[in-house]
Amino acid sequence: MADRKDFPLLMELGAPGRRAYLLPELDVPSRSLEGLIPVEYLRSEPAPLPELSELEVVRHYTGLSRRNHGVDVGFYPLGSCTMKYNPKVNEDLASYPGFANLHPYQPEATVQGALQLMHELEQYLCEIAGLDRATLAPAAGAHGELTGLMLIKAYHESRGESHRDEIIIPDSAHGTNPASAAMCGYKVVEVASNERGCVSVDALRKVVGPRTAGLMLTNPNTLGLFEEDILTISEIVHDAGGLLYYDGANANAILGKCRPGDMGFDVVHFNLHKTFSTPHGGGGPGSGPIAVRDTLVPFLPVPVVEKRSRPGDAVGTGKNLEEFYLDYDRPHSIGKIKGFYGNFLVMVRAYAYILAMGPKGLRQVSEDAVLAANYLMAKLKSAYDILYDRVCKHEFVLSAKRQKANGVTARDIAKRLLDYGMHAPTVYFPLIVEEALMIEPTETETKATLDEFVEVMLAIAQEAQEAPEKVRHAPYHTVVGRLDETLAARRPVVRWQGGKDMGAKAEDE
Ligand SMILES: Cc1ncc(COP(=O)(O)O)c(C=O)c1O
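Throughout what follows, the structure given in this document is the object of discussion. (Residues numbered from 1 in each chain as written. Predicted model: local features only at pLDDT ≥ 70, side-chain atom pairs only at ≥ 80, totals over all residues. Heavy atoms only, no water.)

### Describing the site of the ligand
In step 1: Looking at the ligand, the residues that line it are Ser80, Ala140, Gly141, Ala142, Glu145, His174, Thr176, Asp247, Ala249, Asn271, His273 and Lys274.
In step 2: Side-chain polar atom of asparagine 271 to an oxygen atom of the ligand: 3.0 Å apart, as the coordinates give it.
In step 3: The side chain of lysine 274 places a nitrogen or oxygen atom 2.9 Å from an oxygen atom of the ligand.
In step 4: Relative to its unbound accessible area of 390 Å², the ligand is 85% covered by the protein chains.
In step 5: For the shell around the ligand, the elements supplying multiple residues, two or more each, are helix 5 (141-158) and helix 10 (272-275).
In step 6: Of the residues forming the shell around the ligand, the biggest block, three residues, is contributed by helix 5.
In step 7: Within the shell around the ligand, the residues separate by chemical class into three nonpolar, six polar and three charged. (Near = heavy atom within 4 Å. Polar contact = N/O pair within 3.5 Å; in protein donor to acceptor, adjacent residues only side chain to side chain. Areas by Shrake-Rupley, 256 points an atom, 1.4 Å probe, with all protein chains shown as cover. Helix = DSSP H or I, 4+ residues; strand = E, 2+ residues; numbered from the N terminus. Nonpolar A, V, L, I, M, F, W, Y, C, P; charged D, E, K, R; others polar.)

### With respect to the nonpolar core
In step 1: If you look at the biggest cluster of nonpolar residues, it comprises 55 residues, and the most contacted ones within it are Leu121, Leu204, Phe270 and Phe276.
In step 2: The dominant element in this core, judged by the number of residues it contributes, is helix 11 (residues 344-380), at 11 residues.
In step 3: Those residues in contact with phenylalanine 276 that sit more than four places away from it in its chain are Leu125, Ile128, Leu255, Phe270, Asn271, Arg349, Ala350, Tyr353, Ile354 and Leu362. (Core = buried A, V, L, I, M, F, W, Y, C linked by side-chain atoms within 4.5 Å. Buried < 20%, exposed > 50% of the residue type's maximum accessible area, 1.4 Å probe, protein only. Contact = heavy atoms within 4.5 Å.)

### Quick look at the packing of aromatic side chains
In step 1: This structure, assessed with the given rule, holds eight aromatic pairs.
In step 2: Each ring, one from tyrosine 124 and one from tyrosine 351, has its centre 5.8 Å from the other, and the planes form 25°; the classification is stacked. Here tyrosine 351 lies in helix 11 and tyrosine 124 lies in helix 4 (residues 112-129), a separation of 227 residues in the sequence.
In step 3: Measuring from centroid to centroid gives 4.8 Å for tyrosine 246 and phenylalanine 265, while their planes differ by 70°, and the two rings are edge-to-face. With tyrosine 246 in strand 5 (residues 243-248) and phenylalanine 265 in the loop between helix 9 (260-263) and strand 6 (267-270), the pair connects residues that are 19 residues apart, well separated along the chain.
In step 4: Using a relative accessible area of 0% as the deciding quantity, one classes tyrosine 246 as buried.
In step 5: Under the relative-accessibility criterion, phenylalanine 265 is labelled buried at 0%.
In step 6: Ring-pair connections join several aromatic residues into one group, and the members of that group are Tyr105, Phe340 and Tyr341. (Phe/Tyr/Trp six-rings, centres within 6.5 Å; stacked < 30°, edge-to-face > 60°.)

### With respect to helix 6 (residues 176-183)
In step 1: Within the span of helix 6, buried status applies to Asn177, Ser180 and Ala181. In a view along the axis of helix 6, the buried residues occupy a sector of 100°, so they form one face of it. (Arc of directions from axis to C-beta.)

### A few points about unusual backbone geometry
In step 1: Between asparagine 219 and proline 220 the backbone carries a cis peptide bond, its omega angle lying at 5°.
In step 2: Along the polypeptide, proline 220 turns up in the loop between strand 4 (212-217) and helix 8 (230-239).
In step 3: Residue proline 430 is reached from phenylalanine 429 by a cis peptide bond, and omega for that bond is 0°.
In step 4: Looking at the secondary structure, you find proline 430 in the loop between strand 11 (426-427) and strand 12 (436-439).
In step 5: Of note, the phi angle at serine 277 is positive, near 75°, even though the residue is not glycine.
In step 6: Relative to the elements of secondary structure, serine 277 occurs in the loop between helix 10 and strand 7 (290-292).
In step 7: Classification of serine 277 as buried rests on a relative accessible area of 1%.
In step 8: Here threonine 442, not a glycine, exhibits a phi torsion of approximately 70°, which is positive.
In step 9: Position of threonine 442 relative to the elements: it lies in the loop between strand 12 and helix 14 (447-466).

### What about the pattern of salt bridges?
In step 1: Inspection of the entire model under this criterion finds 33 salt bridges.
In step 2: Between glutamate 161 and arginine 164 there is a salt bridge, with its nearest N and O atoms 2.6 Å apart. Across the pair, arginine 164 and glutamate 161 agree in class, each one buried.
In step 3: Here glutamate 485 ties to arginine 411 by a salt bridge, and the two come within 3.9 Å at their closest N and O atoms. Separated by 74 residues along the polypeptide, glutamate 485 in helix 16 (residues 485-490) and arginine 411 in helix 13 (residues 410-419) bring together distant segments of the chain.
In step 4: Of the residues examined, glutamate 485 reaches a relative accessible area of 38% and is grouped as partly exposed.
In step 5: Linked through salt bridges whose partners overlap, the residues forming this network are Glu122, Arg133, Glu306, Asp327 and Arg330. (Salt bridge = Lys/Arg side-chain N within 4 Å of Asp/Glu carboxyl O.)

Have a look at this one:
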């Protein structure tokens, strides 16, 4: 197994005098920095920068990229994350200078195309959600959740119902749901799932009441199961005076098939970086727009992109000119929730993707994603346990309970998959499934890849039975093996520390 020393940092490479470029001789008088920069900020000696050739730098970064797993490298069935292939053409469009080089302080007259794109994207998302208006500002799903809950709060306050301080959340929910509710100042009330893996309507009736501000739900839920009682659930919450929040992280299962607004939801967030063509997983920018029912529109964050017509002659047609503008004049708005207008280039990709797919194409996305998940589930359920044996939507959750009895955990299975060049499924989530392995194949994989995954999962199940030690110590073919994940997450060492050995131990260990 390789350790970090086999892959030195740039700071540890190179030699004095080595260069990646040569500047021409200075042909103007050189000027001292003294007088330009206060003396206390001037270095007494040069910064300890590595001296490297261009080729060394290229090899370093190429080497690093080859150690990484991405959807462009292999199968990535990470449940709940929708790690699908994102068409490269959308990357090209997002890098057009007319989009990429815009400055957020440019006058509106010079960014009409960008504003039009945002206005139209808002309309498309509203159509997909079955709701009335949207804001594109939130930077991630969790940020959309917080924004949506702030709108719900503003709505209740506007009706003199500030006493509504509870948000109901099922026990299968994604962790960001209760976190967002708590961050917004709400008390989280958990509602149990029933034996079919859905919200128990009886349990829900017991927890709704005059303090209910709303319910947060993802549908299909994190088990990949469609909440079949959604209309009853919606009625119960609305009758109690609460609103319904839809966590749209799982929207890949329902595009063009059904709409959250029609199910009774009042606020919906979409993860553009999952469903609508922005590569993610490496911590890059995301986007979590929210669409809302008309009752919540007055509270939307500022600015909202609006369209108006003004007198003029549109290219000799005799018609008025249309112009787009940013509306800040919204007295009931919750205010600004993000610098400027959101992550614009993620919007460009989503816009291009939605236009390219069209309504039929989007429907096909969901049909294929659901078909792929059901295919895998049918092939794997004899070798692994499955708690809720029903037709699933875009993902499903296996349990490694049987393997655990032989000393092999869900984590061991996930690690063993890496040896086969496949990314692991999400493990230990949702919390209500013991030894959970959450698998989301997405619509973009071929049947051959799905079959290969089945073969590998069946082989691992057999190994777990016949040679459990082998699975327990996997992976064998990756550059690093079993890391101390808690230490890595709690005390990451992400900067060079002047030559101290950072590879083996965290800073203050
Ligand atoms: C079901 C669900 N809800 C919410 C989120 C939060 O989205 P984000 O990571 O963009 O904040 C996720 C992300 O994985 C999710 O899977």
